[in-house]
Amino acid sequence: MTNSIADMADADCIFVIGSNTTEAHPIIGLTVKQAVRKGTKLIVADPREIHLVRYADLWLRLKSGSDVALLMGMIKVIVDENLHDTGFIKERCENIDAFMESLEAYDMDFVEKTTGVPRKQIIEAARMYAEGDPSTILYTLGITEHSHGTDNVMAIANLAMVTGNIGKPGSGVNPLRGQNNVQGACDMGALPNVYPGYQSSNSSDTKKKFEAIWGGNLSLEKGLTTPEMWDKAHGGTFKALYLIGENPVLSHPNSKHVIDALNSLDFLVVQDIFLTETAKLADVVLPAASFAEKDGTFTNTERRVQMVRKAIEPVDGSMADWEITCQIAKRMGGEGFDYESPSQIMDEISKLTPIYGGISFERLENGGLQWPCSTVEHPGTPILHTKQFTRGKGKLIPIKYRPSEELPDDDYPLLLTTGRRLFHYHTGTMTRKTHGLNILMDRERVQINPVDALKLGIENSDTIKISSRRGAVTAGVDITGVVPEGVVFMSFHFAETPTNVLTSHAVDPVTQTPEYKVCAVKIEKVE
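The structure displayed is predicted, hence computed values, not measured ones. Counting from 1, residues in each chain are numbered in the order their sequence is written. pLDDT decides what is reported in this predicted model: residues at 70 or higher carry local features, side-chain atom pairs at 80 or more are listed and counted, and totals for whole chains, interfaces and linings draw on all residues regardless. Note that water and hydrogens are dropped before the side-chain values are worked out from all heavy atoms of the structure.

Colleague: A description of the nonpolar core should follow, citing residues and the corresponding values.
Modeller: Judged by nonpolar contacts, the single largest core of 46 residues is most densely connected at F15, I17, M72, M74 and L159. Each helix is a run of H or I in the DSSP string that is no shorter than four residues. Each strand is a run of E no shorter than two, and both are numbered from the N terminus. Sorting elements by how many residues they give to this core places helix α3 (residues 67-80) first, with nine residues. By the convention used here, residues are in contact when the closest approach between their heavy atoms is within 4.5 Å. When residues no more than four places from it in sequence are discounted, the contact partners of M74 are F15, I122, A125, A126, Y129 and L159. The term nonpolar core refers to a set of buried residues drawn from Ala, Val, Leu, Ile, Met, Phe, Trp, Tyr and Cys, joined through side-chain atoms within 4.5 Å. Throughout this description, buried means an accessible area under 20% of the type-specific maximum (1.4 Å probe, protein chains only), exposed means over 50%, and partly exposed covers the range between. Listed in part, the 18 residues of the second largest apolar core include A453, V488, V501 and V521.

In structure tokens, the structure reads:
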């Protein structure tokens, strides 16, 4: 997030797109509702009638995968009506002429037809956002989990820059991260092309800096994304995997492809707190300690690094992740793994990672710090890009609209989109083991529009079979107007209904993020 969670209270307008905030991020969802009650205007763009729609001044029910057309169409309205921030654009942006010329492709006829949103609503949304003083954008996986997810994010950045809604309180581009420490994992280099602190892996200077502390000879080559790992495992050139805290058998798309890839490996190690569906395929399972059984830090969605303190001793036989990894490294002859505590690891992080340079356990004892925090005197950074962007000037990017890779046809006439539910989390590794949550929701029920249910002769008490080009699963039924006609919705929390058997292997060409949000399916009643 460029801004802080509390900062939303300063927004005149909140634009939520591709985020079922109250279910996937309920605390932030509560913050949004509190802001609305105090007078903040709310725009929600989502194909489903999510809970936040009840609080919205304007709901844009766009077709799944049409985000670029909507966002660029809104920008064209803003520019045509002279609502853009010319001073901000001139002072802090580049590639202006090429970008402005590219907007001609997004006339209202095209945008209305592509998105399914009436032009009157598109124009109203553009005005509401542009006239907000300031306006902020919230988005999540409904933006990124597309074969054109990078284009979606670029379009959001364009909208914020054109209106000058960046670098000040109550503004910003705010992606809400999908797990409690996914921001921290990325910060620490759990990506194929960077070292900790987003320092490029193909930089000779960065390579030398890390070699001086870590020792050894580091590679300048980019690593593999997970989709690339599965493909190379099938091809026999990727032979071993050490998997920590991930359950790809349920969470990754086209799961038959994933399972076949895991079974093709020569050696699979899984480190987790429970025997997950993936761990059952492993050659070795290493029992890890849970969050309550270890000291350390989490970095949350607003870039805030916070202490995690051990409340109970680890279950017999389990250890903290860092201890397990260090033990393995030392037994393999690795040097530099003689840490006695997580605080020593944080000290090393601060030496090598400029954005964490001023962060230590000693400082965190007094409360969290938001990076970048470059020195021990630095107070942290609640708002990014206040004076300039990391690259200097912000580049306005012309974007050509591209439809999703797999759309409904005669054989598979319905569009499946996936997401999370309030009562369970991710693959259910923890929440499905909680009795009370299973009382609230104990099985997957496919959301289907009443019109589609009537055509198929389906009732709420039925069990249905959902099929795609990759496989089939069975589930219960939830007939509801929350989803539009022609669209069905499923979560991936239930091992009994492994939804990702259905989803597409299509990925964004830049990030390799899979297209979880759009694939074609058909439904049959199970007699």
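Picking up where we left off.
Colleague: Please set out the sheet that holds strand β19 (residues 472-479) residue by residue, giving values where relevant.
Modeller: For two strands to count as paired, DSSP must find a minimum of two bridges between them. Here we have six strands rolled up into a closed barrel, ordered β16-β20-β17-β19-β18-β21, and mixed in their pairing. Strand-to-strand twist across the sheet, computed as the mean angle between neighbouring axes with direction ignored, equals 45°. Geometry is summarised by axes, namely lines fitted to C-alpha atoms with helices restricted to the contacting stretch, and by angles between N-to-C directions that run from 0 to 180 degrees.

Colleague: Provide a residue-level description of the packing of aromatic side chains, including the pertinent values.
Modeller: Only Phe, Tyr and Trp rings take part, Trp by its six-membered ring, and two of them pair if their centres are within 6.5 Å. Stacked means planes under 30 degrees apart, edge-to-face means over 60, and tilted covers everything else. Under the defined criterion, the tally for this structure stands at eight aromatic pairs. With 6.2 Å between their ring centres and 70° between their planes, Y195 and W214 make a pair best called edge-to-face. Here W214 lies in helix α11 (residues 204-214) and Y195 lies in strand β7 (residues 194-195), a separation of 19 residues in the sequence. Residue Y195 is classed as buried on the basis of its relative accessible area, which comes to 10%. Residue classification places W214 among the partly exposed residues on the basis of a relative accessible area of 36%. Chaining the aromatic ring pairs together yields one cluster made of Y106, F110 and Y401. Here, over-ring charges are defined by two tests on the NZ atom of lysine or the CZ atom of arginine: distance to the ring centre within 6 Å, and angle to the ring normal within 35 degrees. The ring centre of F489 lies 3.6 Å from the NZ or CZ of R48, which sits over that ring. Above the face of the W371 ring, R303 is positioned so that its terminal group lies 5.8 Å from the ring centre.

Colleague: Break down the environment of F489 for me, citing the residues and quoting the values.
Modeller: Relative to the assigned elements, F489 resides in strand β20 (residues 487-491). For F489, a relative accessible area of 2% corresponds to the buried category. Residues F489 and R48, 441 residues apart in the sequence, show an inter-C-alpha distance of 8.8 Å. Setting aside anything within four residues of it in sequence, one finds F489 in contact with R48, L416, T417, T418, G419, R420, R421, E444, R445, V446, Q447 and V483.

Colleague: Could you give me a rundown of a nonpolar patch on the surface, with the residues and numbers involved?
Modeller: In this scheme, patches are assembled from residues that exceed 30% relative accessible area and form no salt bridge. Like charges are connected within 9 Å, while nonpolar side chains (Val, Leu, Ile, Met, Phe, Trp, Tyr) are connected within 5 Å. For the area figures, the Shrake-Rupley method with a 1.4 Å probe applies, and any residue is considered shielded solely by the protein chains shown. Here a salt bridge means any side-chain nitrogen of Lys or Arg lying within 4 Å of a carboxyl oxygen belonging to Asp or Glu. Residues I273, F274 and M430 make up a contiguous nonpolar surface patch of roughly 240 Å² in combined accessible area. For M430, the location among the structural elements is in the loop between β16 (414-419) and α18 (435-440). The exposure class assigned to M430 is partly exposed, which follows from its relative accessible area of 46%.

Colleague: Kindly report on helix α2 (residues 26-37), identifying the contributing residues and their values.
Modeller: How far a helix is expected to stretch is found by multiplying one less than its residue total by 1.5 Å. Given a rise of 1.5 Å per residue, 12 residues ought to cover 16 Å, and the 16 Å separating the end C-alpha atoms of α2 matches this to within 8%. Considered for burial, the residues of α2 that qualify are I28, G29, T31, V32, K33, A35 and V36. Close packing links the buried residues of α2 with β1 (13-17), α1 (21-24), β2 (41-45) and β5 (135-139). At the exit of α2 stands G39, carrying a positive phi of roughly 115°.

Colleague: Outline the side chain of N438, supporting the account with residue identities and numerical values.
Modeller: Relative to the assigned elements, N438 resides in helix α18. What makes N438 buried here is its relative accessible area of 18%. Polar contact criterion, stated in full: a pair of N or O atoms within 3.5 Å, where within protein one must be able to donate a hydrogen and the other to accept it, and residues adjacent in sequence count only if both atoms are side-chain atoms. Within the structure, N438 has its side chain in polar contact with the backbone oxygen of R432 (distance 2.7 Å). Those residues in contact with N438 that sit more than four places away from it in its chain are H424, T431, R432 and K433.

Colleague: Requested: an account of the packing of helix α12 (residues 226-235) against helix α14 (residues 255-264), with residues and values cited.
Modeller: Between α12 and α14, the least distance of the axes is 8 Å, while the angle of their chain directions is 55°. Relative to α14, the element α12 lies oblique. When the axes of α12 and α14 are compared, the crossing they make is left-handed. In this structure, α12 uses W230, D231, A233 and H234 to contact α14, whose residues at the interface are H257, V258, D260, A261, L262 and S264. Amino acids outside the nonpolar list (Ala, Val, Leu, Ile, Met, Phe, Trp, Tyr, Cys, Pro) and the charged list (Asp, Glu, Lys, Arg) are all regarded as polar, and Gly is one of them. Here the contact of α12 with α14 is built from residues that sort into five nonpolar, three polar and two charged. Here roughly perpendicular refers to angles of 65 to 115 degrees, roughly parallel to angles under 35, roughly antiparallel to angles over 145, and oblique to all remaining angles. If you view the pair so one helix is near and one far, a crossing is left-handed when the near helix is turned anticlockwise from the far one by less than a right angle, and right-handed when it is turned clockwise.

Colleague: Describe in detail the pairing of β16, supporting the description with residues and values.
Modeller: Among the six residues that make up β16, six are buried, leaving the element largely enclosed by the rest of the structure. With five bridges connecting them, β16 and β20 associate as parallel partners. The residue of β20 that forms the bridge with G419 is S491.

Colleague: Account for the sheet that holds strand β14 (residues 369-370), naming residues and giving values.
Modeller: In space, the three strands of this open sheet follow the order β12-β13-β14, with antiparallel pairing throughout. This sheet does not close on itself; its edge strands, each paired only once, are β12 (296-299) and β14.

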